[in-house]
Every structure is written in C-alpha cells, then in structure tokens.
Amino acid sequence: MDLSSINWLLLLASLMVAATPILLAGIGELVVEKAGVLNLGVEGMMITGAIAGFAMAVESGSPALGFVGAAAAGALLSMLFAVLTQFALANQVASGLALTLFGLGLSSLMGQSYVGLKPPSTPKLDIPLLSDIPVLGPVLFNHDLMVYVAIAIVAGTWAFLKYTRAGLTLRAVGENHEAAHALGYKVIAIRCAAIAFGGACAGLGGAYLSLVRVPQWTEGMTSGAGWIALALVVFASWRPWRVMIGAYLFGGITVLQLNLQAAGLKVPVEYLSMSPYIITIIVLVIMSSGRSRGALGAPASLGRTFHATG
Amino acid sequence: MIRLDKRPNPSKAWSYSTPLLAVLLTMIFGGLLFAALGKDPFVAIRTIFYDPLFGQHAFFYRPQLLVKAAPLILIAIGLSLGFRAGIWNIGAEGQYIIGALCGAGVGLAFYPTVSFIIFPLMVIAGALGGWAWAMIPALLKTRFGTNEILVSLMLVYVAENLLRGMAVGLMKNPEGFGFPGSRNLAQYPSATSWISQNAGIHWGVVFALIAVIFAYILLTRHMLGFNIRLAGQAPRAARFSGVNPTRLVLFCLGTSGALAGLAGLFEVSGPAGQVTTDFNVGYGFTAIIVAFLGRLHPVGILLAGLLMALTYIGGEIAQSQLQLPAAAIQLFQGMLLFFLLAVDLLTNYRFRPKQGAAA
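Residues numbered from 1 in each chain as written. Chains lettered and ligands numbered in written order. Predicted model: local features only at pLDDT ≥ 70, side-chain atom pairs only at ≥ 80, totals over all residues. Heavy atoms only, no water.

## Things to note about the overall build of chain B
Part 1 of the argument: Of regular secondary structure, chain B possesses 15 helices and 4 strands.
Part 2 of the argument: In terms of overall dimensions, chain B is globule-like: its C-alpha atoms have a radius of gyration of 22 Å, near the 21 Å expected for 359 residues.
Part 3 of the argument: Projected onto its principal axes, the C-alpha coordinates of chain B cover approximately 80 × 55 × 35 Å.
Part 4 of the argument: A total of 359 residues make up chain B; the buried ones form 56% of that total.
Part 5 of the argument: Within chain B, counting contacts between residues at least 6 apart in sequence, those at least 24 apart form 78% of the total.
Part 6 of the argument: A total accessible area of about 15800 Å² is found for chain B, and carbon and sulfur atoms account for 65% of it.
Part 7 of the argument: Of note, chain B has its 23 positive side-chain charges centred 16 Å away from the centre of its 11 negative side-chain charges. (Helix = DSSP H or I, 4+ residues; strand = E, 2+ residues; numbered from the N terminus. Rg over C-alpha atoms; globule rule 2.2 N^0.38 Å. Buried < 20%, exposed > 50% of the residue type's maximum accessible area, 1.4 Å probe, protein only. Contact = heavy atoms within 4.5 Å. Areas by Shrake-Rupley, 256 points an atom, 1.4 Å probe, with all protein chains shown as cover. Lys, Arg positive; Asp, Glu negative; His and termini not counted. Charge placed at Lys NZ, Arg CZ, Asp CG, Glu CD.)

## Description of the overall build of chain A
Part 1 of the argument: A tally of helices and strands in chain A yields 13 helices and 0 strands.
Part 2 of the argument: In sequence order, the secondary structure elements of chain A are arranged as α-α-α-α-α-α-α-α-α-α-α-α-α.
Part 3 of the argument: Computed over C-alpha atoms, the radius of gyration of chain A comes to 20 Å, within 12% of the 19 Å expected from 2.2 N^0.38 for 310 residues, which places it in the range of a compact globule.
Part 4 of the argument: Projected onto the principal axes, the alpha-carbon positions of chain A cover approximately 70 × 45 × 40 Å.

## A word on the interface of chain A and chain B
Part 1 of the argument: Listed by partner, the interface residues are 44 residues for chain A and 41 residues for chain B.
Part 2 of the argument: Regarding the contact of chain A and chain B, the summed buried area is about 3600 Å², with carbon and sulfur atoms giving 81% of it.
Part 3 of the argument: Our count for the chain A to chain B interface comes out at 0 salt bridges.
Part 4 of the argument: In this structure, the connection of chain A to chain B is made through 2 residue pairs in polar contact (both at pLDDT 80 or more).
Part 5 of the argument: Every element with two or more residues in the side of chain A that touches chain B is listed here: α3 (63–87), α4 (92–110), α10 (225–235) and α12 (269–289) of chain A.
Part 6 of the argument: Broken down by element, the side of chain A that touches chain B gets its largest block of residues, 13 residues, from α4(A).
Part 7 of the argument: Grouping the amino acids of the side of chain A that touches chain B by side-chain chemistry returns 29 nonpolar, 12 polar and 3 charged. (Buried area = accessible area lost by both parts, 1.4 Å probe. Salt bridge = Lys/Arg side-chain N within 4 Å of Asp/Glu carboxyl O. Polar contact = N/O pair within 3.5 Å; in protein donor to acceptor, adjacent residues only side chain to side chain. Nonpolar A, V, L, I, M, F, W, Y, C, P; charged D, E, K, R; others polar.)

## Points about helix α12 (residues 283–293) of chain B
Residue and element names in this part refer to chain B.
Part 1 of the argument: Burial within α12 is extensive, with 10 of its 11 residues counted as buried.
Part 2 of the argument: Among the residues of α12, those classed as buried are Tyr283, Gly284, Thr286, Ala287, Ile288, Ile289, Val290, Ala291, Phe292 and Leu293.
Part 3 of the argument: Positive backbone phi, at 55 degrees, marks Arg295, one or two positions downstream of α12.

## A word on a nonpolar patch on the surface
Residues and elements named next belong to chain B.
Part 1 of the argument: Taken together, the side chains of Phe110, Phe116, Ile117, Leu121, Ile124, Leu128 and Trp131 make up a nonpolar region of the molecular surface, amounting to roughly 710 Å² of accessible area.
Part 2 of the argument: The element contributing the most residues to the nonpolar patch is helix α6 (residues 118–144), with 4 residues.
Part 3 of the argument: Within the secondary structure layout, Leu128 lies in helix α6. (Patch = residues over 30% accessible without salt bridge, like charges linked within 9 Å, V, L, I, M, F, W, Y side chains within 5 Å.)

## Overview of the pattern of salt bridges
Opposite charge on two side chains makes pairing possible when the charged atoms of those side chains draw close.
Residue and element names in this part refer to chain B.
Part 1 of the argument: For the structure shown, the criterion picks out 5 salt bridges over all chains.
Part 2 of the argument: Lys68 serves as the salt-bridge partner of Glu316, at 3.8 Å between the closest nitrogen and oxygen. Remark: Lys68 occurs in helix α4 (residues 58–84) and Glu316 occurs in helix α13 (residues 298–322); sequence separation between them is 248 residues.
Part 3 of the argument: Judged by relative accessible area, Glu316 falls into the partly exposed class, the value being 38%.
Part 4 of the argument: Residue classification places Lys68 among the buried residues on the basis of a relative accessible area of 15%.

## A word on the confidence of the model for chain B
Part 1 of the argument: When pLDDT is averaged across chain B, the result is 89; 98% of the residues are at 70 or more.
Part 2 of the argument: In the model output, the complex is listed with pTM 0.90 alongside ipTM 0.87. (pLDDT = per-residue confidence, 0-100.)

## Some points on the nonpolar core
Part 1 of the argument: Counting residues in hydrophobic clusters, the biggest one holds 192 residues, and the most contacted among them are Trp227(A), Phe34(B), Ile75(B) and Leu101(B).
Part 2 of the argument: Broken down by element, the residue count for this core peaks at 14 residues, all from helix α9 (residues 187–213) of chain A.
Part 3 of the argument: Discounting chain neighbours no more than four positions away, the residues touching Leu101(B) are Leu162(B), Leu163(B), Met166(B), Met171(B) and Val275(B). (Core = buried A, V, L, I, M, F, W, Y, C linked by side-chain atoms within 4.5 Å.)

## Considerations on the side chain of Thr100(A)
All names here are of chain A.
Part 1 of the argument: Locating Thr100 in the fold gives a position in helix α4.
Part 2 of the argument: Judged by relative accessible area, Thr100 falls into the buried class, the value being 5%.
Part 3 of the argument: Looking at Thr100, its side chain comes within polar contact range of the main-chain oxygen of Leu40, at 3.1 Å.
Part 4 of the argument: When near neighbours in sequence (up to four residues on either side) are disregarded, Thr100 contacts Leu40, Gly41, Val42, Glu43, Gly44 and Trp227.

## Concerning the environment of Tyr349(B)
Part 1 of the argument: Residue position: Tyr349(B) is located in strand β4 (residues 349–353).
Part 2 of the argument: Expressed as a C-alpha distance, the spacing of Tyr349(B) and Gln319(B), which sit 30 residues apart in the sequence, is 40 Å.
Part 3 of the argument: Not counting residues up to four positions away in its chain, the partners in contact with Tyr349(B) are Leu89(A), His307(A), Leu4(B), Asp5(B), Lys6(B) and Arg7(B).

## What to know about the environment of Ala138(B)
All names here are of chain B.
Part 1 of the argument: With respect to the helices, strands and loops of the structure, Ala138 is situated in helix α6.
Part 2 of the argument: For Ala138, a relative accessible area of 0% puts it in the buried group.
Part 3 of the argument: Residues Ala138 and Ala70, spaced 68 residues apart in sequence, show a C-alpha to C-alpha distance of 25 Å.
Part 4 of the argument: Apart from residues lying up to four places away in sequence, Ala138 is in contact with Val249, Leu250 and Leu253.

## Observations regarding α9(A)
Part 1 of the argument: Look at α9(A): 37 Å from first C-alpha to last across 27 residues, which is about the 39 Å you get at 1.5 Å a residue.
Part 2 of the argument: The buried fraction of α9(A) amounts to 21 of the 27 residues, a majority that puts the element mostly inside the structure. (Expected span 1.5 Å × (residues − 1).)

## Let's talk about the environment of Ile190(A)
Part 1 of the argument: Of note, Ile190(A) is situated in helix α9.
Part 2 of the argument: Residues Ile190(A) and Gly174(A) lie 16 residues apart in sequence; the distance between their C-alpha atoms is 9.8 Å.

Okay, here's the thing in structure tokens:
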C-alpha cells in the first residue's frame, strides 16, 4: 500500500461533502426525538428524498428545485408516519419500520426511468478571498451551498431549542407530554410539525446523496445512511452541535476508507466497506456504556404514545 | 366530534378481523396504484392473488408457495417472540446471511464426501451462525445497554459485505471459471435441503411447521412464554414478578437469530443452491411484515407467511405477464404493514360520539 498516494488535503475537503447527508438527516431526527417521537423511518424518507430530488432536478434542470422537491417529498412521507403514530396511536417502532420498507419500495418504483441518468451539476460556491486561503480555503470554503445550509440548519436548531419559547415548548412536549398537555400545549400538533421537519431534513440529506455526493440514482443507494443518522443522534446525546461533530467524524472515516481502497490496501474492498457500520456499533457501545452521561440527554417521553384522556 | 376511548381489553373480534381489513384496504389502494401505472387493477389483483392458486398454471406455482413461505415463517416466528417482549430484532436479514454462510461453509468443506451426517452438521452450523450473529446485539444490550435496533441493523450491512467477500473469495467455486459464487449445494446430494423439489418440500418447510407448533406451546402453555408476554404488556409487573430481563433478551434474540440462520441455511442449500453476492432477497425484512400481519401469533404467522409468499409469486407472474414493475410489489407489501398498523386502532380503542358542551 502506498499511503503517500492519498492526497490528505483532498481527503479533508471531501470530508464535509461525505458528512452532509447524515448531518441533515441527523439534525432532523434530533428535533423529532426532542419532541418525544422516535421515527425509525429516516432511511425510507432519505431514499424517497433522493429519488424525488433527483427526478425534480433532472426534469427541471435546476438542482435547487430538486432540493426543494426532496424536502417536500420527505415531509409528505413523514406525514404518513405522523398519521399512524399520532392519530392512529400505532407503535412508533413498527410504524418507523413500515415507513422505511414503504419508502424503499416507493423509491425504486419512482426511480425506474432515472437509472443511469446524470443530474444537473450543483455549482460550487467559490467564495472570493476565503477559498483562496491555502489549505483552509479548499477544505472549508470551496463547497456547494448545501454544505453550508446544513451547518446553518444545525445552528438554527440549536438556537431554536435553546433560546426560543417555541423550542422550550417542543422540549417540554418531549420530556413530559402529560404535563405539556395539561398546560394547554397542543402535543399532537407540535409533534406533527417536528415530524414534518425531520422528514424534510431527511429528504434533503437523501437528495444531497443523489445530486452531489454520488451523483446518480441507484436503487437502495442510501445503504444504511438513515440508520447511521439515527445512531448519530444517540452519539450526540441529543445535542445539535454534537450531531455535527459526529457527522464530520463519520464522514472522515468514510472518506478515509474509500481512499484506502483506492490506495490499494491489502484488504479486500468488501471488508473495508464494513468499517463504517462496525465503527457505528463501537461508538454506540461507548456512548451507552457511559450510562450516566449518555442516557441523560434522552427525552423522557421518547417513543411513548400520547393519548389525551378527558 | 368523535372521541377515542381506550378499551379496557383489546377487542377479540377486531383483533381477528383487522388483518383481513388491512389486506382488503391494501388490495383497494394497491389496485389504485396499479391503475396509476396503467395496468388494469382487477387483472393485476387477480394475477397476484388468484392465478398462483387456482389459475391455469397453478400446479407449477403451488409448490413454490411453500418454498417462499418457509423462510418467512421461520424468521417471523423468531421475531414475534422478541416483538412481544418489546425486544426489537431488526437484523434478521443479517442473521439469515450468516446462517447461510456457516451452513454452506460446512457443506463446502466436506465436498465431495458422501455421508448422511453432513446435512445435520450444516443445520447445526447454520443455527449456530445465526444465533451467534444475534448474540452480538443481545450481549451489547445486556452488558452495555446499547440499542439493539441499531446494532442488529448495522450488522445486516456488515453481513452483506461479508457475503460479497465470501462469494468472490473463500467460498468461490474453484471450477466456476472465475465467476463469483460457490459450488451448487442443491446438486450435492449429501448437503441439499431438498426433500422433494417437485412438491416444493425442503427441510425448511418441515422446520417452519415445527417452529410454529413449538412457539404455540411456548406462548400458551409454558412459563417462559407467559413471561415474554408479561414483559411486553406490563414491564413493571414483570420486574416485580421476578422476570430476569437479561435472560429474556438473550433468549428472544438468540432464538430469532437461530431461526433466521436456519432459514438462510435451508435457502442456500436448496432453492438458491449457492452462495452468491446477492443471495439474500430481503426475507429478513419482509418477515417483519409477516410477524405483524400474523398478529405475533404462531398460527397467524403461518397464514400470513403463506399470504406474503403468494404476493411474491403473484408479483413475479404479474411482472412477466403484465410488466408490472417488481418495485410495485415491494410497495404493495409495505402498504400492507401501514394499513395493518392503522386499523389496529380499532382493536385497542373504540369510537364514541362526543357529547356536546356538557362533556
């Protein structure tokens, strides 16, 4: 193996691109879980966003419209989950799984005529001056807009949850839905809004995969990214900035693994491809074994069904 | 306005009829979907649900029903035990793959020896493989409190990559002209799971029936089964009555892993025949639908497995005769789970008209 053949600068630069899909999906799921809802359908919403965004971008020729379409599709699909869990009071774990299975089927049906096409390319922002800085420039400031939109969403979510009244209400609903209901907050409506936000973010993440990261449509292309986003929320102990750190760490591992494959490491490709999943498991174990700290962040009503009596 | 009241006990009548209602709703909405794809919905539904059983070529399709249903039932029986206790093994697909790899590995290692002992050894290896793979999330959960849903699912992707590595590496057929894939076990009499290929009977079918019977006895006649149900319905009561949660997690995940592993082994040494890069076709995930459709009850799962097998076979016929895309069937199956969860509301709640302002 020839380590020197790896361009470390390029690796760092592609790290942010590799991290963006799971960052988007992860921050969306964080808001959903903060509202006390466990939506395991992230994978299904991501892949539906991936094909919806891809189709929209190809048909309209505009990647921006593609992302808008992907967010709409993700949010729309998540409403199915909202109806099941909030109105039909179905089990959240089972409903999330249903959403994933449904999304995988829906996406491959929608995507049949888009296999092998190339999407319109998403332009890179060449921020003047900043992107000319040696080393830091190409690593931090030479990406497409979505990379920064993702960071902005993280910042916005953090500020929303920490500083606004609405954010406080959302957290209250997630911590104790009975009490929030007694105070007169619309538990179901707030949760539906959170679920829709999560769906839109997952859709964006999926579209980022199909429009920028790959860029192509293939069946089942998310290959577990949605599940990794779920793990990311646990890793982050339900804190927005930690989701970002986690996503970038994970993006770094993915990119490094791909680079090692290219550099001809004497390990078959199949075994290297396992590494992101194995590392996710290891991280989950580490986070959960520090029980006292890891469990602190979990919203108390997470995954429990709310049914207003009286 | 209508108000929802929680029933003190789930309605017996509804719990039997909701699966049928869900199937009916799926047929209606599936029909609309097929119509939107430009196919005659009535022809499509008939092709999927009627033709494999009573159509012109039914004699050819009926045996396949058992072949497709057996792995679904085997896996779903195992999953249902955990689901009842609130232990979510989502990674049956991975355990299925590892079971197939372990079992096939034993079979391939003995090639071309002829002995009656080879197949039983493969069965043991397959079950152990699936069990061991499920023990990873089980031990991590009991030891560190790690979420079993995410771990078992991550392990599916690990298993898929391992399968690819094996199919092009260690288990590759040395006489296969360089193509990926192992020797064909179905053509190796000492290692095949087929009992009668024409009747669609292999050892997986036999084991599936045995699993149904054992699960039924376990859940209705045995203390362990009672504890599983108790842990799911009233976790607090279960703790006070001395149910050991660690042992329950190990038992539920281990059993479902072993059954999924068995399903994988019977598949690889029979209907599939060989270890290939895309040997797994999603039975582990479809089995989740089967478990819920069967209301986590062994007999229900038996029927649900047959119904789901029907949609697979009918879907294949519809694919070749009506050019209905394969993905449409996948969507159809996903829809079924949706409706099932939605109509379950009727089992646990009842609708009451709201009484004016006085209420």
